[in-house]
Amino acid sequence: PDTYEPRSPLASVYQNSGDERDREQAVSLLKENMRDEDVDSYKRNNARDQLLQIALKGEKDQYLINEIINDYTSDTTLSKTELNRALADIYTRSEDYVKADNIYNQWIAETKSPYEKIETRRNYADMLEKSGRTRDAIDQYKELMDSQKNDAYGREQTVNKLIDLYQKEGDMLKAENLR
């Protein structure tokens with residue numbers, strides 16, 4: 001996100017100065033935090049997030065992004081859900097939408113919990129919309145709406161989102177039919 005505020009002083013220095021040496025120092029420190037087994041999961045994930053911010057700033061650093069992905073996938077303390085959430089976020093933020101699609105579709109297919117499935121589908125639809133794939137987002141929101149038959153509030157939110165997307169697409173008839 002554009003409003004992200006780094007928690008590491010070196011990462012903050014890098015973001016403010018743009019100096020390559022500051023960047024290298026920040027990356028080095030954050031990698032240590034990311035890999036340190038004595039660091040709690042919150043700090044480790046924070047280090048990963050800050051590294052991703054650095055990797056995405058300016059020209060994308062795919063090597064660093066891959067290091068972060070490898071670190072997540074080798075982290076045995078993460079649940080399958082936490083890993084999927086992290087990978088989907090990384091691929092979405094780095095605009096690798098094909099890989100994000102694959103993660104989301106696999107995650108939705110494997111999820112047993114109806115509540116987690118709904119939340120995952122909602123996040124997937126949001127990602128599709130943000131990436132400019134409105135028609136695909138509409139399809140996901142329609143599936144989401146079908147799965148929310150017993151959740152009036154969630155269904156109403158989904159219907160309102162669909163109305164907005166149909167209007168964005170210029171399809172006023174479908175938007176009106178949902179009202």
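All of these numbers come straight from a predicted model, not from anything done at the bench.

Now for the packing of aromatic side chains. This structure, assessed with the given rule, holds two aromatic pairs. Residues Tyr 104 and Trp 107 carry aromatic rings whose centres are separated by 6.0 Å and whose planes lie at 20 degrees to one another, so their mutual orientation is stacked. With Tyr 104 and Trp 107 both in helix 6 (residues 97-110) and three residues apart, the pair spans about one turn of that helix. Relative accessible area serves as the criterion here: at 4%, Trp 107 is assigned to the buried category. Seen from their ring centres, Tyr 104 and Tyr 124 are 5.0 Å apart, and the 25 degrees between their planes marks the pair as stacked. With Tyr 104 in helix 6 and Tyr 124 in helix 7 (residues 114-130), this residue pair connects regions lying 20 residues apart in the sequence.

So, about helix 9 (residues 152-169). Between the first and last C-alpha of helix 9 there are 25 Å, a value that for 18 residues agrees with the 26 Å anticipated at 1.5 Å per step. Among the residues making up helix 9, those that are buried are Gly 154, Thr 158, Val 159, Leu 162, Ile 163, Leu 165 and Tyr 166. Summarising the contacts, the buried residues of helix 9 are in contact with helix 7, helix 8 (134-146) and helix 10 (172-178). Following helix 9 by one or two positions, Gly 170 has its phi on the positive side, about 85 degrees.

On to helix 2 (residues 20-35), then. The terminal C-alpha atoms of helix 2 lie 22 Å apart, and with 16 residues this matches the ideal 22 Å at 1.5 Å per residue to within 8%. The set of residues buried in helix 2 consists of Asp 22, Arg 23, Ala 26, Val 27, Leu 30, Lys 31 and Met 34. All buried residues of helix 2 fall inside an arc of 160 degrees around its axis, so they share one side. Opposite the buried face of helix 2, at more than 90 degrees from it, the exposed residues are Arg 21 and Glu 32.

What counts and what doesn't
- Residues numbered from 1 in each chain as written.
- Predicted model: local features only at pLDDT ≥ 70, side-chain atom pairs only at ≥ 80, totals over all residues.
- Heavy atoms only, no water.
- Phe/Tyr/Trp six-rings, centres within 6.5 Å; stacked < 30°, edge-to-face > 60°.
- Helix = DSSP H or I, 4+ residues; strand = E, 2+ residues; numbered from the N terminus.
- Buried < 20%, exposed > 50% of the residue type's maximum accessible area, 1.4 Å probe, protein only.
- Expected span 1.5 Å × (residues − 1).
- Contact = heavy atoms within 4.5 Å.
- Arc of directions from axis to C-beta.

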